[in-house]
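If you want the building blocks of each chain, they are given just below.
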Amino acid sequence: MYTQALNIKDMAAAAEDSAFDARFQSRVDAEEKIEPNDWMPDAYRRTLVRQIAQHAHSEIVGMLPEGNWITRAPSLKRKAALLAKVQDEGGHGAYLYAAAETLGVSREDLVEQLLDGKQKYSSIFNYPTLSWADIGIIGWLVDGAAIMNQIPLCRCSYGPYARAMIRICKEESFHQRQGYEIMVTLCRDGTPEQKAMAQDALNRWWWPVLMMFGPSDKDSQHTDKSMRWKIKRFTNDDLRQKFIDATVPQGQYLGLTFPDPAMKHNDRTGHWEHGEIDWSEFKRVVAGDGPCNRQRMKQRRDANENGAWVREAALAFAQKRRARAEAAARIAAE
Ligand code: 3HC
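Residues numbered from 1 in each chain as written. Predicted model: local features only at pLDDT ≥ 70, side-chain atom pairs only at ≥ 80, totals over all residues. Heavy atoms only, no water.

A.B. asks: What exactly am I supposed to notice about the overall build of the chain here?
C.D. replies: A count of helices and strands for the chain gives 13 helices and 2 strands. Scored against the burial criterion, the 334 residues of the chain give a buried share of 45%. Long-range contacts, defined as pairs at least 24 residues apart, comprise 76% of the intrachain contacts of the chain with a sequence gap of at least 6. Approximately 17900 Å² of the chain is accessible, and the part contributed by carbon and sulfur atoms is 55%. Both charge centroids of the chain, one from 46 positive and one from 45 negative side chains, sit 3 Å from each other. (Helix = DSSP H or I, 4+ residues; strand = E, 2+ residues; numbered from the N terminus. Buried < 20%, exposed > 50% of the residue type's maximum accessible area, 1.4 Å probe, protein only. Contact = heavy atoms within 4.5 Å. Areas by Shrake-Rupley, 256 points an atom, 1.4 Å probe, with all protein chains shown as cover. Lys, Arg positive; Asp, Glu negative; His and termini not counted. Charge placed at Lys NZ, Arg CZ, Asp CG, Glu CD.)

Here's what the structure looks like:
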């Protein structure tokens, strides 16, 4: 009898949950934004925390490959633009950690999970920047791919993430332009050696950039749910195709050759078809065995440890100010 009573209670709770679920889904379907204090399914919250945290970590780790060239930028103008861009990426990380915090997690925990290997950052930031042309390529292709993926995120169902993405996309658009302008300078106004350097950078970055969009749709674990919840608006393969279609004419204008002998235009579909992506490389890099994974994680770990005193000092200062304000309020009230 006791067990029966429990079952009835469980059934009532399940019915209540499914009513909440249905109401939640109808709000999403009606394009209403979900806000931090609204009811949401646990799995929706977990998916957002996973994706936003991974995105935030990517922005911060993404500062490292380009940061490597700040001291070696070829002119003052280039150095100023690169500095501004790298600082923007730091800002994007900060907005995104703040957006994740609205879901009830702390930035400190998220960073710890990255350092413990429980969370990821984008595969693309595990490749080295060997020449100045790599900085052009990162702006043109890596930021170009990031924009293609992130513009639809401005319409994500979760309000704080969608709003953070609007500003981020504006800045990413400047990043893409500065990268393409470097490529134009190297390829159209540059020497044959500079053009060869640009081609070499394209050869090394093209395939890893295509992998940025994530596994093919048949292997993507999260796409179906994320599309239903309108976190994602397009599948990984759809975004990859849109990116290729937009990028190939830009590469042709530069006079560069894409390192894909199977690439051809399909006049019937209007799309550029591409060759097979080496998913074993993607899996290896995501599992921690890319060319720079160890170096990037060491740099993140060192930065976290070296910055500990700044966080402690900021916290102590904030506590001191709060105590002073409280004491002043007490005196005023007496
Ligand atoms: N690198 C590392 N891991 C990746 C990945 C990539 N390029 N693409 C997918 N994965 C991981 C996923 O996280 C997931 O692993 P998990 O379950 O352990 O988290 C697994 O591969 C399966 O992939 P799914 O397609 O099922 O995962 P998602 O539905 O989350 O789709 C995504 C992947 C398209 C990257 C999506 O998470 C997304 O749109 N994220 C937001 C954008 C983002 O994070 N961009 C990173 C680059 S930021 C950037 O480029 C900064 C700019 O300034 C240059």
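There's more to say after this.
A.B. asks: Can you walk me through the layout of surface pockets in this structure?
C.D. replies: Empty space among the atoms becomes visible once a probe the size of a water molecule is rolled across them. Put simply, the second largest pocket is a space of about 320 Å³. At the level of elements, helix H5 (107–115), helix H12 (293–306) and helix H13 (308–333) are the ones that each hand at least two residues to the lining of the second largest pocket. Looking at the lining of the second largest pocket residue by residue, the classes come out as 6 nonpolar, 2 polar and 5 charged. (1 Å grid on protein atoms, 1.4 Å probe; cavity = no way out; pocket = protein on both sides within 12 Å on 5 of 7 lines; lining within 4 Å. Points joined across faces, edges and corners; volume = space filled by probe spheres on them. Nonpolar A, V, L, I, M, F, W, Y, C, P; charged D, E, K, R; others polar.)

A.B. asks: Can you help me understand the packing of helix H4 (residues 76–101) against helix H6 (residues 132–150) in this one?
C.D. replies: Relative placement of two packed helices is described by the angle separating their axes and the distance separating the axes. Where H4 contacts H6, the two axes come as close as 13 Å, and the packing angle between them is 45°. As judged from the angle between their axes, H4 and H6 are oblique. Judged by the twist between their axes, the crossing of H4 over H6 is left-handed. In contact with Arg 78, Leu 82, Lys 85 and Glu 89 of H4, H6 contributes Trp 132, Ile 135, Ile 138, Gly 139 and Asp 143. Its residues placed into classes, the contact of H4 with H6 shows 4 nonpolar, 1 polar and 4 charged. (Axes fitted to C-alpha atoms, helices over the stretch in contact; angles between N-to-C directions. Parallel < 35°, antiparallel > 145°, perpendicular 65-115°, else oblique. Left-handed = near helix turned anticlockwise from the far one by under 90°.)

A.B. asks: Help me understand the side chain of His 55, please; the structure alone is not making it clear to me.
C.D. replies: On the secondary structure map, His 55 appears in helix H2 (residues 42–61). The contacts of His 55, once residues within four sequence positions are left out, are Leu 96, Gln 150, Leu 153, Tyr 161 and Met 165.

A.B. asks: Quick question: what am I supposed to make of a negative patch on the surface here?
C.D. replies: Residues Glu 16, Asp 17, Asp 21 and Asp 42 make up a contiguous surface patch of negative charge. By the secondary structure assignment, Asp 42 is in helix H2. Exposure remark for Asp 42: the relative accessible area of 54% places this residue in the exposed category. (Patch = residues over 30% accessible without salt bridge, like charges linked within 9 Å, V, L, I, M, F, W, Y side chains within 5 Å. Salt bridge = Lys/Arg side-chain N within 4 Å of Asp/Glu carboxyl O.)

A.B. asks: Please explain the environment of Ser 226 as it appears in this structure.
C.D. replies: Inspection of the secondary structure puts Ser 226 in helix H9 (residues 223–228). The sequence separation of Ser 226 and Tyr 44 amounts to 182 residues, and the corresponding C-alpha distance is 8.2 Å.

A.B. asks: How should I be thinking about H6 in this particular structure?
C.D. replies: Since the α-helix advances by 3.6 residues per turn, residues separated by three or four positions end up pointing in the same direction. The first and last C-alpha atoms of H6 sit 26 Å apart over 19 residues, in line with the 27 Å expected at 1.5 Å per residue. The buried fraction of H6 amounts to 17 of the 19 residues, a majority that puts the element mostly inside the structure. (Expected span 1.5 Å × (residues − 1).)

A.B. asks: Just to check I follow, could you spell out the site of the ligand for this structure?
C.D. replies: Taken together, 32 residues surround the ligand, and among them Glu 89, Lys 120, Ser 220, His 222 and Lys 232 come closest. Interatomic distance of 2.8 Å between a side-chain N/O atom of Gln 54 and an oxygen atom of the ligand. Contact distances for the ligand include 3.0 Å between an oxygen atom and a side-chain N or O atom of Asn 149. In isolation the ligand exposes 1000 Å². Once the protein is present, 92% of that is buried. At 6 residues, H2 tops the list of elements feeding residues into the shell around the ligand. Along the lines of polarity and charge, the residues of the shell around the ligand split into 12 nonpolar, 13 polar and 7 charged. (Near = heavy atom within 4 Å. Polar contact = N/O pair within 3.5 Å; in protein donor to acceptor, adjacent residues only side chain to side chain.)

A.B. asks: It is not clear to me how the packing of aromatic side chains should be interpreted in this structure. Could you clarify?
C.D. replies: In this description, an aromatic ring pair is defined by two values, namely the gap between the centres and the angle between the planes. Tallying each qualifying case throughout the model produces 11 aromatic pairs. Their ring planes at 70° and their centres at 4.8 Å tell us that Phe 24 and Tyr 44 sit as a pair that is edge-to-face. Of this pair, Phe 24 sits in helix H1 (residues 2–29) while Tyr 44 sits in helix H2; the two residues are 20 residues apart in sequence, bridging distant segments of the chain. A single burial state applies to Phe 24 and to Tyr 44, both of which are buried. Look at Trp 140 and Tyr 180: their rings are 5.7 Å apart centre to centre, the planes differ by 55°, and that puts the pair in the tilted class. Of this pair, Trp 140 sits in helix H6 while Tyr 180 sits in helix H7 (residues 159–187), and the two are 40 residues apart along the sequence. (Phe/Tyr/Trp six-rings, centres within 6.5 Å; stacked < 30°, edge-to-face > 60°.)

A.B. asks: It is not clear to me how the packing of helix H8 (residues 192–211) against helix H10 (residues 236–254) should be interpreted in this structure. Could you clarify?
C.D. replies: In contact at an axis separation of 13 Å, H8 and H10 are set at 175° when each is read in the N-to-C sense. Classed by the angle they form, the pair H8 and H10 counts as roughly antiparallel. Residue-level contacts link Lys 195, Trp 206, Val 209, Leu 210 and Met 211 of H8 to Arg 240, Phe 243, Ile 244, Thr 247 and Leu 254 of H10. Split by residue class, the contact of H8 with H10 holds 7 nonpolar, 1 polar and 2 charged.

A.B. asks: Can you help me understand the environment of Val 28 in this one?
C.D. replies: The residue Val 28 is located in helix H1 in this model. Overall, Val 28 belongs to the buried group, its relative accessible area being 1%. Counting along the chain gives 74 residues from Val 28 to Thr 102, while the straight-line C-alpha distance between them is 18 Å. If we skip the residues at most four places from it in the chain, Val 28 touches Ile 34, Ser 157, Arg 228, Trp 229 and Lys 230.

A.B. asks: Help me out: how do you make sense of unusual backbone geometry in this one?
C.D. replies: Positive phi values are uncommon outside glycine, yet Glu 31 reaches one of about 65°. Within the fold, Glu 31 resides in the loop between H1 and H2. Not every positive phi belongs to a glycine, and Lys 230 is a case in point at roughly 55°. You can see Lys 230 is positioned in the loop between H9 and H10.

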